[in-house]
Amino acid sequence: MTVSRTICLGFLAVIAVGTMLLMLPISTSDGSWNNLVVALFTSTSAVCVTGLSVVDPGTYFSFWGQLFIVLLAQIGGLGYMTTTTFLILLIGRRFDMRQKMAIQQALDRPGMQGSAQVIRSIIATTLIFEITGVFLLLPAFVPKYGWSQGLWLAIFHSVNAWNNAGFSLFKDSLIGYQTSGLVVFTVTTLIIFGGIGYQVILEMYLWLRDRLLKKNTCVVFSLDFKVATSTTIILLVVGTIAFFCIEFRNPETFGDLNIGGQFLVAWFQSVTPRTAGFNTIDISKMTTAGLFITIALMFIGASPGGTGGGMKTTTLRVLTSCTKAILQGKEDVLLYDRKIAINLILKAVGVLVGSVATVVLATILISLTDPKLDFIQILFEIVSAFATVGLSTGITSSVSTAAKLILILTMYIGRVGVLLLMSAVLGDPRPTRIHYPEENLLVG
């Protein structure tokens, strides 16, 4: 079995186990057997760290059902291979060459050395951020809900925020906390760091450690770090300004909020499409321009190696750098004075074409199964599912069963990745020694 098939089948296995767990009577609040489609949709959404739901998790599922959702989101955020490798390390077994190759491909690492240490570091980083998030959210939830319920709310939302899952136990997500700086900045910080990737966090930690210890060593940031951080900052700033300018006159979203509350709402709405799924405003009440900006941010998504989905920030930068090079008449694509290899450019183009094709096909199919829905609602739902975001205009629970199955497949494709899924279906690509003659072609 190829590495790509191992990863794809691994996610399917986790989804299947999650579906069976969520179908049990102990998972529902009324103690009855769960509906298969509801269980499958929720399990897929959790494992694919999406957050779309056809029911209200806070009232439909019991504590055990909510616990299963948290565990599935944790496994989905870490990734199948990371979770499996960590369990193997816990029982003291060594993993073989095939498992090492799977870890290398899942984490997008250049080599296989030190994989075990990397896995331990990822788990440690995850726990540190999630536990910190729990402590920061306690003052927001405990005074109103008490210690037991408040603690569970803090754990549930911290885990979902770090893993960019977006499930909430509140019926209106986090709209009730839209002006709470503590909740807004805690959740958005977890979302940003969870989606920016472990490698970026590690380099940031090493730089801070050297500064605090006053070491003279010069930390050289990798190209991944520079691209991921700069692109993330640009998108966050531009998104915040765009939402503020477009929605501040919309009484349905910003309402009677003061300037500080409007900034918090605009900031949160800029962060959450990348790709968390929490919301502090009613998405269905946004303007058409606001919805399209959200769609664009969702489609771009988070950074490689993180818990988020989407086309990824690095893909966007490679493609924009290609466009810049063409406009300037250059033959080399440069990023921070580094030449981008042709295979990375081809991979970026492949990701873009595959992503667009998936979104277009899924949108057409749901337009056929549910013709009464508005196009913008369908496109928003599909992009949200593919980019594993979880934001919705409110149509998730009302679409047909066929549309739910299409969304399930779209979430799965978005989580494992278009190229990885095609590699699993067609087999890993093999190098060829055959070279063909070049010929010009009219383009553009």
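These numbers come from a predicted model, not from an experiment.

How each quantity is defined
Residues numbered from 1 in each chain as written. Predicted model: local features only at pLDDT ≥ 70, side-chain atom pairs only at ≥ 80, totals over all residues. Heavy atoms only, no water. Helix = DSSP H or I, 4+ residues; strand = E, 2+ residues; numbered from the N terminus. Phe/Tyr/Trp six-rings, centres within 6.5 Å; stacked < 30°, edge-to-face > 60°. Buried < 20%, exposed > 50% of the residue type's maximum accessible area, 1.4 Å probe, protein only. 1 Å grid on protein atoms, 1.4 Å probe; cavity = no way out; pocket = protein on both sides within 12 Å on 5 of 7 lines; lining within 4 Å. Points joined across faces, edges and corners; volume = space filled by probe spheres on them. Nonpolar A, V, L, I, M, F, W, Y, C, P; charged D, E, K, R; others polar. Axes fitted to C-alpha atoms, helices over the stretch in contact; angles between N-to-C directions. Parallel < 35°, antiparallel > 145°, perpendicular 65-115°, else oblique. Contact = heavy atoms within 4.5 Å.

Undergrad: Quick question: what am I supposed to make of unusual backbone geometry here?
TA: Note: most peptide bonds trans; most residues except glycine with negative phi. Cis geometry marks the peptide bond from R274 to T275, where omega comes out at 0°. Residue placement: T275 occurs in the loop between α11 (259–271) and α12 (288–300). If you check the backbone angles, K312 has positive phi at about 90° while not being a glycine. Mapped onto the fold, K312 is located in the loop between α12 and α13 (313–327).

Undergrad: Looking at this structure, I do not really get the packing of aromatic side chains. What am I missing?
TA: Under the definition given, this model contains 14 aromatic pairs. Look at Y60 and F61: their rings are 5.1 Å apart centre to centre, the planes differ by 75°, and that puts the pair in the edge-to-face class. The partly exposed category is assigned to Y60, whose relative accessible area is 27%. A ring pair is formed by F129 and W162, whose centres lie 4.7 Å apart and whose planes are at 20°; its orientation type is stacked. Judged by its relative accessible area of 21%, F129 falls in the partly exposed class. An aromatic cluster is built from F63, W64, W152 and F156, whose rings are joined through pairwise contacts.

Undergrad: Before we go on, may I ask you to explain the layout of surface pockets in this structure?
TA: Picture a little ball the size of a water molecule; that probe, rolled over the atoms, points out where space is still empty. By volume, the second largest pocket is sized at about 600 Å³. Along its surface, the second largest pocket is lined by 28 residues, and S53, K171, S173, N279 and S392 are the ones closest to its centre. Here the lining of the second largest pocket is composed, by residue class, of 11 nonpolar, 13 polar and four charged.

Undergrad: Which parts of the structure should I look at to understand the packing of helix α9 (residues 198–212) against helix α10 (residues 223–247)?
TA: When two helices pack together, you describe them by how their axes are tilted relative to each other and by the distance separating the axes. At their nearest, the axes of α9 and α10 sit 9 Å apart, and the two run at 105° to each other. It follows that α9 is roughly perpendicular to α10 by the angle criterion. Here V200, E203 and M204 of α9 lie close against α10, whose contacting residues are D224, F225, A228 and T229. Tallied by class, residues from the contact of α9 with α10 come to four nonpolar, one polar and two charged.

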